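Tertiary structure, described
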Amino acid sequence: MRDCVAAIDQGTTSTRCILFGHSGRILGLAQKEHRQILPRPGWVEHDAEEILRNVWTVVHEALAAAGKAAENLAAVGITNQRETTVAWDRETGRPLHNAIVWQDTRTEEICRALAESGGQDRFRASTGLPLATYFSGPKMRWLLDNAPAVAEAAERGTLAFGTMDAFLVWRLTGGPNGGAFVTDVTNASRTLLMDLKTLDWSEANLSAVGIRREWLPDVRSSSEVYGHGTGSLAGVPVASALGDQQAALVGQTRFRPGEAKNTYGTGAFLLLNTGETPVASKCGLLTTVGYRFGDAPPAYCLEGSVAVTGALVQWLRDNLGLIRDAAEVEALANTVEDNGGAYLVPAFSGLFAPYWRSDARGVLVGLTRYVNKGHIARAVLEATAYQTRDVVDAMQADTGLALPELRVDGGMVRNATLMQFQADILGIPVLRPKVWETTALGAAYAAGLAVGFWTTLDELRANAEIDAAWTPRMPAAQRECLLAHWKRAVERSLNWV
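Now for a quick tour of the structure. (Residues numbered from 1 in each chain as written. Predicted model: local features only at pLDDT ≥ 70, side-chain atom pairs only at ≥ 80, totals over all residues. Heavy atoms only, no water.)

A word on helix α6 (residues 164–172)
Worth spelling out the cut-off: Each residue's exposure class comes from its accessible area (1.4 Å probe, protein chains only) as a fraction of the maximum for that residue type: buried when under 20%, exposed when over 50%, partly exposed otherwise. Helix and strand definitions here come from DSSP, where helices need a minimum of 4 consecutive H or I residues and strands a minimum of 2 consecutive E residues; each element is numbered from the N-terminal end.
For α6, the buried fraction is high: nine of the nine residues fall into the buried class. Positive backbone phi, at 130°, marks Gly 174, one or two positions downstream of α6.

Next comes the structure, spelled out in structure tokens:
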């Protein structure tokens, strides 16, 4: 009986496989970390073959944990670290170089050269993205220029480029023996090479970056049967692919325009569903594809990324030694009633959305002799909420949509003090789902929809039980006063470099 769906969640530091039942509850889970390869300052690489081995390991272990076999799987879906770029040979199936990770900055010179004609926003009209080392297209160009094996495969006509979803789908469905060479619209929208309106590779952008269409996978929807698994997944439909943040949007069932989710991890990623038409941001946000189910029109999103949220708690622990474990930050913050006038802007390597100021650096301001380590801990938590408010304000300015509520997920949502302050500073309810593994759940939902395991979006919404909710308790005047002080603190972080 095919009574569950598997999601492969291929992340930046580890790979997980989670099995979900029809109710959206977790039946089995396994996780395995992979190496972070750091050849030079600013360079971050992964071994795609190691990741593939880990995928097979966690699939086997998750099935065993759930007491299931491949015959029980209605489908398998994939969600992945976005922008991380793999080059491989379609004859051998082997990677031609380590994957270049989304965090890697080696393509700075390539991006600068591309910006000489048209500036940083040269591709924004077609892709919704600025030129940045973050995205995949310049990483492909670097591999062609600097990895001899990649250039040789290009000459032979056997080169394949893709994000991690494309590599995994291809290998899981047979690789050189008829594997499906596809990517989905959400991952393609992070390359600087896909046109947001046509949902296909842009010939102009391909030409500008120097990438040939035949090296790239076909762009497909996020929810359809791409092929069938091999090996221990023999016969199982491989039926979804979604970038991790878009998968969390689906897992949170944010299917209506104006609905949003925020994922609090090392950084924070807030996505707002804007409906079937892409919204060009004038306020420092990215325009991206949220998902596309089968032949239905795509849903577009505005995305705001915050560089430092959970990483700030790690800094408090590792650099200042004020706590021994990240979980202690809440108790320390609760030793005081407020921040004591202290504000911490964590612009350790500049500010991301909506400011995009690489000249900014971190500042701790408003200090008096009254301020103690409890106030600093509270300022650390509040910085995450303030940065989220900045992104929400930018989204509302771009769209005119006022958020009725914010759905949240990620490691920091365990912190009730932070979640209450988030509700207070936004002035709207903050809701945490019962199933926190929303990224994997989104991949499972998309795969299940493709094979009829779930049939409607309302069916998925019915699964979305709320574990905890925080409603605003702060008076509006107090909120505005705190926000004004935060803005002054941000101003003092600028122009340091």
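Quick word on the sheet that holds strand β13 (residues 223–228)
The criterion, for reference: Two strands form a pair only when DSSP identifies at least two bridges running between them. Here the axes come from fitting lines to C-alpha atoms, over the contacting stretch only for helices, and the angles between their N-to-C directions go from 0 to 180 degrees. A contact between two residues is defined here by any heavy atoms of the two lying within 4.5 Å.
Taken in spatial order, the six strands of this open sheet run β3-β2-β1-β5-β14-β13, and their pairing is mixed. Edge strands, defined here as strands with exactly one partner in the open sheet, are β3 (26–33) and β13. Averaged over all adjacent pairs, the angle separating strand axes in this sheet is 25°, with direction ignored. In this sheet, strand β14 (residues 237–243) lies alongside strand β5 (residues 73–80) in parallel orientation, the contact comprising five bridges. Bridged to Gly 77 within β14 is Ser 240. Against the sheet, helix α1 (residues 48–66) touches β1 (4–10), β2 (14–20), β3 and β5, its axis set at about 150° to β3. Sheet strands touched by helix α14 (residues 438–451): β1, β2, β5, β13 and β14. Its angle to β14, the strand with the most contacts, is close to 135°.

Observations concerning the nonpolar core
We apply this condition: For this analysis, a nonpolar core means a set of buried residues of the types Ala, Val, Leu, Ile, Met, Phe, Trp, Tyr and Cys, connected via side-chain atoms within 4.5 Å.
If you look at the biggest cluster of nonpolar residues, it comprises 60 residues, and the most contacted ones within it are Val 345, Tyr 386, Leu 406 and Met 419. When residues in this core are grouped by element, the largest group, 12 residues, is from helix α12 (residues 373–399). Residues in contact with Tyr 386, not counting those within four places in the same chain, are Tyr 343, Phe 421, Ile 425, Leu 482, Leu 483 and Trp 486. Counting residues in hydrophobic clusters, the runner-up holds 39 residues, among them Leu 96, Leu 143, Leu 196 and Leu 286.

Re the sheet that holds strand β21 (residues 406–409)
Overall, mixed pairing links the seven strands, which are arranged β17-β18-β16-β15-β21-β22-β23 in an open sheet. Two strands in the sheet have a free side with no partner beyond their single neighbour: β17 (286–291) and β23 (466–470). Strand-to-strand twist in this sheet, taken as the mean axis angle between neighbours without regard to direction, amounts to 30°. Pairing geometry for strand β15 (residues 260–264) and β21, over three bridges, is parallel. Within the sheet, the bridge partner assigned to Asn 262 lies in β21 and is Val 408.

Let's talk about the pattern of salt bridges
Side chains that differ in charge, positive against negative, can pair when their charged atoms come close. Put simply, the rule reads: For this document, the term salt bridge refers to a Lys or Arg side-chain nitrogen within 4 Å of an Asp or Glu carboxyl oxygen.
Tallied over the entire structure, the rule returns 34 salt bridges. With a shortest N-O distance of 2.6 Å, Asp 89 and Arg 156 are connected by a salt bridge. Highlighted residues: Asp 89 in strand β6 (residues 85–89) and Arg 156 in helix α5 (residues 148–156), separated in sequence by 67 residues. We classify Arg 156 as partly exposed; its relative accessible area is 47%. Between Glu 259 and Arg 254 there is a salt bridge; the shortest N-O distance is 3.9 Å.

Observations concerning the side chain of Thr 15
If you trace the backbone, Thr 15 turns up in strand β2. Among the residues examined, Thr 15 registers a relative accessible area of 0% and is labelled buried. Setting aside chain neighbours within four positions, we find Thr 15 in contact with Ile 8, Asp 9, Gln 10, Ala 30, Gln 31, Lys 32, His 34, Ile 51, Val 55 and Val 58.

What to know about unusual backbone geometry
With an omega of -5°, the peptide bond between Ala 353 and Pro 354 qualifies as cis. When you line up the elements, Pro 354 lands in the loop between β19 (343–345) and β20 (363–365). Backbone geometry places Leu 192, a non-glycine residue, at a positive phi of 75°. Within the secondary structure, Leu 192 sits in the loop between α7 (185–188) and β10 (194–195). One non-glycine residue with positive phi stands out, namely Asn 495, at about 65°. For Asn 495, the position within the fold is in the segment after α16 (476–493).

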